[in-house]
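Residue strings, one per chain:
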Amino acid sequence: MSSNSGIQIPSRLPLLCTHDGVLLPGSTMRISVDTARNMQLVKSRLLKGTSLKSTIIGIIPNTRDPEHDSDELPSLHSIGTAGLAVQVVGSNWPKPHYTLLITGLCRFRVTQLLRERPFPVAEVEQLDKLEQYTEGDTADGELGELSQRFYQAAVQLVGMLDMSVPVVAKLRRLLDSLPKETLPDVLASMIRTSNKEKLQVLDAVDLEERFKKALPLLTRQIEGLKLLQKTRKLRPDDDKRVLAIRKGGVFPGRQFSLDEEAEDEDGDDTALLEKKVKAAAMPEAALRVCLKELRRLKKMPQSMPEYALTRNYLEMMVELPWSKSTTDCLDIRAARVLLDNDHYAMEKLKRRVLEYLAVRQLKSTLKGPILCFVGPPGVGKTSVGRSIARTLGREFHRIALGGVCDQSDIRGHRRTYVGSMPGRIINGLKTVGVNNPVFLLDEVDKLGKSLQGDPAAALLEVLDPEQNHSFTDHYLNVPFDLSQVLFIATANTTATIPPALLDRMEVLQVPGYIQEEKVEIAHRHLIPHQLEQHGLTPQQLQIPQDTTHEIISKYTREAGVRSLERKIGAICRAVAVKVAEGHKVSRAESPTEQHADQNTETKVEDSGIAAPPEMPIVIDHIALKDILGPPLFEIEVSERLTLPGVAIGLAWTPMGGEIMFVEASRMDGEGQLTLTGQLGDVMKESAHLAISWLRSNAKTYLLSNGSADPLEGTDIHLHFPAGAVTKDGPSAGVTIVTCLASLLSGRLVRSDVAMTGEITLRGLVLPVGGIKDKVLAAHRANLKRVIIPKRNEKDLEEIPTHVRADLDFVFASTLDEVLNAAFDGGFPSAVGHPQVVSKL
């Protein structure tokens, strides 16, 4: 519609009163309809009308305050705009209403109100008869001068905008094609003006007056943009800026909002972001990507969904510590003192940290090591990682990997996905703010695997010193240097860690604590910590070392110290009750009560109010039983070996070493072997090996009882308590042989002997793993003799000296040596056969 010439509106129009704004001819506006009269107009006229005439309605600006609106029809403004309903959209939320898209056609004057209900209808007079202006385009005088000035000002305003934006270029073409008489209405609806100012333009029926009302508004907008350009100090290529575009459109159906404040804030944010990008000291590749994204961001309207994604990406890149690092504390003596104060024992771990510090003193560009602490729960793997960070003076960040089954948790999501975000490694670096922290990858042995990928495979690049200098997160899509990060992984076992991942880590075994170490840890760390947590002092509670020994041996049976700390916490809570009751009684006493007669004292005693306890409260074995109840673990080894067919083995679990009883019984049958106790395939094969070896050597060890086969007419049942625990592994072979030999010979196995070792069909004893944990389990159970394979003798160097002094170790290379050490007086044999030397 290039001209309003020839427009003829009906003489009677339904009227729509609106608070939303002022509709000018030639502009388009969305109007929300929710009042009763307006709703009825939409339903009766627009929704049920079938002709083009029914879509033309009159828009009257409602000058009444909407907060004081009522059902009565307000006094109508005399001048309105005839509009064409382009679109009608209904909604029931949050209340029933319609949204109309109205295009202004021309002005009209209300001459007579015909009716008020159900919606107002009035007789109107059309005011804009524009053909009188378009016929004589040679209008001179003041009107011609005003129109020319207005046109030049409009061209100047559009020239200050960015012509590369299609909607701005379209507006420039419209200025040349539209009649100059329509420019005041069109420009007044686009520039930033108040409703009162637009109402003045609407009321200006005379064209000359209309130019005079609109020209100051246009001039004010131009001056505001000039001032804004000067204050922002933009670069030469940024002089023409894209202005925020309101929801709507270009003439006749679109509008601009020249909002200087919003534009100023947006420009300042972009400029600030650009400064941060240049100050981040990124590598060349990352800087190129950021500058490219920044250029795209400047040309992108804020209404685009990609605007927020790009801005979030740039903010993430700016916040990453590309060149920020902490200075390592390389004082080895101070580091040794700090580690000794934080943790008792753990000599191997401390030595490895001090070695790293020593090498850092000699070579400042040393790559961070990849350590893996493997040991049972509760031995301090996570806390020693935190102590290492404090020793080095570095930031510490823990990443829990237990149950993670999506590789995107490690490497992030690509930015093409909705809700994409970087992985935990990059997020951790952003959190600590430096590029050389200590990262603790907790429970790396409990990683999952799913359709979303294998996170253990994603960790291969992170934990490879030859590759992690250019780790590429999917979200960043640029390399990041992880070579200065000190990675410490923790695990309970290496069995579930993929071999490729395990090969990239330096495994340090963290065995369980012996009883003496637990006592030291309790008195150095656990008891003071629990006293502080429960508001007690050493002057109120004392736990002697004998009591601590009793707690460890009778109330806990673990490799770590978590259960021990819980038991100490239970003691502190019981003492806290006594102390609190004593304070209450002390506050309840008064001088008059102290001089009361004997009858009053007797009543107080009978009422159950105890006197304040004497301080300090010392926990002995009687108080221990009252607080913790009867002992949970009894030393029952000697009682369980009162019959033939019982032997004690040693087993390794992720929780530490354990002693394991093996029981056997015989009954009349057909020579069958029954195995119970949830045994794995390897342990079942060990049982069959033991039976085969005993049957082949029955005559040698006098087990035949007159027959060639000791199992003839006999069934054997082997059971491994506890039945609910799954068991597997070859190390129970020597225990099964000893148990069956005791059963068939009728002799008792020594009650203070435990054993471990794999057997072969030739009677050889092969080495097994977990020797330290198994020996410590035997020591906890107060056993005196431990039988281990000869080739495991080297593993005893890791066991503390006083533990080795308390135990009698028998190193066996054949089953004959095992049987002689397991029975009092040895195990008799009919023939003294020579020892078989293994040539494996």
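All values derive from a computational prediction rather than experimental measurement. Per-chain numbering applies: the sequence of each chain, read as written, is numbered from 1 onward. With the structure being a predicted model, the display of local features is reserved for residues of pLDDT at least 70 and the display and counting of side-chain atom pairs for 80 or more, all residues being used for whole-chain, interface and lining totals. For the side-chain quantities, the full set of heavy atoms in the structure was used; hydrogens and water were omitted.

Description of the overall build of the protein
Here's step 1: Across its full length, the protein holds 29 helices and 24 strands.
Here's step 2: Working definition: with a 1.4 Å probe on protein chains only, accessible area under 20% of the residue-type maximum means buried, over 50% means exposed, and in between means partly exposed. Taking all 840 residues of the protein together, 47% fall into the buried category.
Here's step 3: Two residues qualify as a contact provided that any one of their heavy atoms is within 4.5 Å of a heavy atom in the partner residue. When contacts within the protein are restricted to residue pairs at least 6 apart in sequence, those whose partners lie at least 24 apart make up 74%.
Here's step 4: Here the open area of atoms and residues is found with the Shrake-Rupley method and a 1.4 Å probe, where only the protein chains shown may cover a residue. Looking at the protein as shown, the accessible area adds up to about 41600 Å², and 51% of this sits on carbon and sulfur atoms. Working definition: helices are DSSP H or I runs of at least four residues, strands are E runs of at least two. Numbering for both runs from the N terminus.

Some words on the packing of aromatic side chains
Here's step 1: Centre distance within 6.5 Å is the pairing criterion for rings of Phe, Tyr and Trp, where only the six-membered ring of Trp is used; planes under 30 degrees apart are then read as stacked, over 60 as edge-to-face, and the remainder as tilted. By the definition in use, this model includes 6 aromatic pairs.
Here's step 2: Residues W322 and F480 carry aromatic rings whose centres are separated by 4.9 Å and whose planes lie at 50° to one another, so their mutual orientation is tilted. Note that W322 is positioned in the loop between α10 (305-319) and α11 (332-342) and F480 in strand β11 (residues 479-480), a separation of 158 residues in sequence.
Here's step 3: The class for W322 is buried, based on a relative accessible area of 11%.
Here's step 4: A centroid spacing of 6.4 Å and a plane angle of 10° characterise the contact between F809 and F811, whose relative ring orientation is stacked.
Here's step 5: Under the relative-accessibility criterion, F811 is labelled partly exposed at 25%.
Here's step 6: Two thresholds decide whether a charge sits over a ring: the Lys NZ or Arg CZ must be within 6 Å of the ring centre and within 35 degrees of the ring normal. In this structure, K180 packs its charged tip against the face of Y151, placed 4.9 Å from the ring centre.

Here's the deal with helix α4 (residues 166-177)
Here's step 1: By this rule, a helix spans an expected 1.5 Å times one less than how many residues it contains. Here α4 contains 12 residues, and its C-alpha end-to-end distance of 17 Å stays within 8% of the 16 Å for a straight helix at 1.5 Å per residue.
Here's step 2: Looking at the packing, one finds that the buried side of α4 touches α3 (141-159) and α5 (183-190).

Examining the pattern of salt bridges
Close approach of charged atoms allows side chains with opposite charge to pair.
Here's step 1: When a carboxyl oxygen of Asp or Glu lies within 4 Å of a side-chain nitrogen of Lys or Arg, that pair is called a salt bridge. Taken as a whole and assessed by the stated rule, the structure comprises 32 salt bridges.
Here's step 2: The salt bridge partner of R107 is D185, with a shortest N-O separation of 2.7 Å. In this pair, R107 is assigned in strand β5 (residues 97-115) and D185 in helix α5, connecting sequence segments 78 residues apart. Both residues of the pair, R107 and D185, count as buried.
Here's step 3: Between R210 and D185 there is a salt bridge; the shortest N-O distance is 3.8 Å. Taken as a pair, R210 in helix α7 (residues 207-232) and D185 in helix α5 lie far apart in primary sequence, 25 residues in all. By the burial criterion, R210 is buried, and D185 matches it.
Here's step 4: A cluster of three or more residues bridged by salt bridges with shared partners is formed by E293, R296, E306 and R415.

Considering empty space enclosed by the protein
Here's step 1: As defined here, a cavity is a set of points on a 1 Å grid over the protein atoms alone where a 1.4 Å probe fits but cannot get out. A pocket is an open set with protein on both sides within 12 Å along at least five of seven lines, and residues line them when an atom is within 4 Å of a point. Grid points are joined across faces, edges and corners, and a volume is the space filled by probe spheres set on the points. Under the definition given, this model contains 4 cavities of 30 Å³ or more.
Here's step 2: Here the second largest cavity is characterised by a volume of approximately 90 Å³.
Here's step 3: Along the wall of the second largest cavity there are 10 residues; nearest its centre are I552, S553, T556, R557 and R780.
Here's step 4: Put simply, the parts of the chain that give the lining of the second largest cavity at least two residues each are α18 (515-533) and α19 (545-554).
Here's step 5: For the lining of the second largest cavity, a count of residues per class yields 3 nonpolar, 3 polar and 4 charged. Under the scheme applied here, ten amino acids are nonpolar (Ala, Val, Leu, Ile, Met, Phe, Trp, Tyr, Cys and Pro), four are charged (Asp, Glu, Lys and Arg), and all others, including Gly, are polar.

Things to note about the sheet that holds strand β9 (residues 438-442)
Here's step 1: One requirement defines pairing of two strands: DSSP has to find at least two bridges between them. Strand order in the open sheet formed by 5 strands is β8-β9-β12-β7-β13, with parallel pairing between adjacent strands. Every other strand in the sheet has two partners, leaving β8 (396-400) and β13 (506-509) as the edge strands with one partner each. Averaged over neighbouring strand pairs, the angle between their axes works out to 20° when direction is ignored.
Here's step 2: Bridge analysis of strand β7 (residues 370-374) against strand β12 (residues 486-491) gives 5 bridges, and the strand direction is parallel. Its bridge partner lying in β12, C372 is registered against A489.
Here's step 3: On top of the sheet, helix α12 (residues 347-362) reaches β7 and β13; it is set at about 145° to β13, its chief contact. Axis geometry follows a simple rule: fit a line to the C-alpha atoms, using only the stretch in contact for helices, then measure angles between N-to-C directions, giving values from 0 to 180 degrees.

Some words on the packing of α12 against helix α13 (residues 381-392)
Here's step 1: With their axes 12 Å apart at the nearest point, α12 and α13 run at an angle of 25° to one another. With respect to their mutual orientation, α12 and α13 come out roughly parallel. Handedness of the α12/α13 crossing: right-handed. Contacts from L349, V353, Y356 and L357 of α12 reach α13 at V384, I388, T391 and L392. In this scheme, roughly parallel covers angles under 35 degrees and roughly antiparallel covers those over 145, while 65 to 115 is roughly perpendicular and the rest are oblique. Rotating anticlockwise by less than a right angle from the far helix to the near helix defines a left-handed crossing, while the corresponding clockwise rotation defines a right-handed one.

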